[in-house]
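Structural characterization, general
Spelled out, the chains give:
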Amino acid sequence: MQDEQRRCMGCMQELSWDGQCHHCGFRETEYVADVHHLPPGTRLQNGEYTAGRVLGEGGFGITYIGFDETLLDVVAIKEYYPAGMVERDTSFQGNLDVHVHGDSEQEYEKGKQNFLQEARLLARFSQLEGVVNVRKCFQENETVYIVMEYIRGESIRSYVDRQGAIPADRALAMLRPVIRTLHRIHEKQLIHRDVSADNLLIREDGKVILVDFGAVRTSNAVKKDTRTTMYKPGFSALEQYSRTGVQGPWTDVYGVCATIYYMLTGVVPVNCTERVGHDPLLSLAEQDGIPLSIEQKQAIMKGMEVQAGDRFQTMALLYEVLYSKQEEDGFRQEEKIQTDRQGTPPTAVFTKTTMRQKLEELSNSRKRKRKMFLLVLLLVICAALYPGMRWLLKESPREETTTVEPVKESSPKPSSEPTSTAPVSTPTPATKEKMATVPRLKGLTQKQAMAALKKKGLSGKTSFRYSKEKKGLVLSQKVKAGTEVTKGKTISFVVSKGEKTSKPTAKPTAKSTAKPVKPSNQDKLAGDLDDFLQGG
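One structure accompanies this document, and this report is about it. Not measured: the values here are computed from a predicted model. (Residues numbered from 1 in each chain as written. Predicted model: local features only at pLDDT ≥ 70, side-chain atom pairs only at ≥ 80, totals over all residues. Heavy atoms only, no water.)

With respect to the pairing of strand β4 (residues 73-80)
Judged by how many residues are buried, β4 sits mostly within the fold: 7 of 8 residues are covered. By the bridge criterion, 8 bridges tie strand β3 (residues 61-68) to β4 in an arrangement that is antiparallel. Note that in β4 the partner of Y64 across the bridge is I77. Pairing of β4 with strand β8 (residues 143-149) involves 5 bridges; the strand directions are antiparallel. When the bridges of β8 are listed, V75 appears paired with E149. (Buried < 20%, exposed > 50% of the residue type's maximum accessible area, 1.4 Å probe, protein only. Helix = DSSP H or I, 4+ residues; strand = E, 2+ residues; numbered from the N terminus. Pairing = 2+ DSSP bridges.)

Set out below in structure tokens:
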């Protein structure tokens, strides 16, 4: 025992030369342990670990400060000790074995095996943020022990009792990794069942660590399972007070929200058994000075509903409401991409329903974006091909010379407009003729076309007319048959020297009686007409 005397049973630091601890001031001679606690200096696992003073005690076990004699490191030792089911009196001949009540032996053995099995499973979660690191698990003294890393700090209960309420933004930030880790544990069909201000430790760096996994067991969300009632007043849900209560993730939701309530107000919530019927608990929405949104306050109170069915059923739903504002502001991104110590990205906190909804929203968004992209691409392709399509569809000018055969004059049909009775000579070999083929002057307005004909000394009113339907010049109906012929998309006509029409046509001379037009427009149109009038 000499080695034990050299270490303080309060902090496991080496004692000074006078046998006193100048680190924590713990005096073993003044320390009085309960009869069911392990005495300070108790050796476990064949002397591999030494147990010191009690750090905390809950409904499911007792936690001691300890020392790893092999690695020479301070540890925490959790002993499975379900209150009300077992007893131990260490003052009687130094007996350290746990004695189970006769009617609870079968249930205790089952719970011990479950505790041992769940402790081994939790070793995989000890690398997650917000979870204490589990080093070893073993059986001794008719019970089970879990050796964990020692958290240098204090519990939330101790901190609030000493400092008072914690600011809202800091309180939510402290519990954020704990909520996400509990979601991961729930995914493995495990529940903690003892989330409270006593089992959440604030490390020296300000981070919160969840401890006391001795009560962890398989969730019985589907099938009810009779068990011993284990609860912590103010932080335990109503179903934990009943031997047949259905416990599940919603049970831990109550513990988390009750802890947040305590951190924000500095007041331990009213025990849930006293809230049945008339609820005396003062809602956060009725308390001023807590800078949280009404949605966040309502979410915390919803997580503390007395009836399990009225609470959030998963940590994911609670998380979504409490931290939705930070996610919108991008506050979540840096933690979302963080990896744990094994390099595995943390699982997103979503239920199957919310995940399915978000996947459907993402799929619909991608479909809309794909349709918009295809539409824009189609418009770009059409815009690029439009000039080429116009060029392909546009017919090239064709010149045709139509032989005009003499047509006998026929009696003109009655018309409201006066017609000329002057004889029009038909083309003969002896007559000097000028033959030309002119395509329709597309793109010219009627005014522009007539101005161009007048510029050339031709009377558009007697020889040609502008057709809106054909969008070009066509033969005038006033010209007698045989003088001009329309064939296909061209106009064939004959200009006989010295020939007169029903209305005098100005000859192409230097001095024209036609009304002058502006050179900028009509000269250009006349030049265009020169290209069409071959030999004109």
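Some remarks on the pattern of salt bridges
Tallied over the entire structure, the rule returns 14 salt bridges. Residue R180 is joined to E129 by a salt bridge in which the shortest nitrogen-to-oxygen separation is 3.8 Å. On the criterion of sequence distance, the pair formed by R180 in helix α4 (residues 168-187) and E129 in the loop between α2 (105-122) and β7 (134-140) is long-range, its members being 51 residues apart. Classification of R180 by relative accessible area gives buried; the value is 13%. On the basis of relative accessible area, E129 is assigned to the partly exposed category, the value being 34%. (Salt bridge = Lys/Arg side-chain N within 4 Å of Asp/Glu carboxyl O.)

Things to note about unusual backbone geometry
Here the phi dihedral of Q189 falls at roughly 60°; this positive angle occurs in a residue that is not glycine. Looking at the secondary structure, you find Q189 in the loop between α4 and β10 (190-191). For Q189, a relative accessible area of 49% corresponds to the partly exposed category. For R193, which is not glycine, the phi dihedral falls at a positive 70°.

Purely geometric numbers; function is a separate question.
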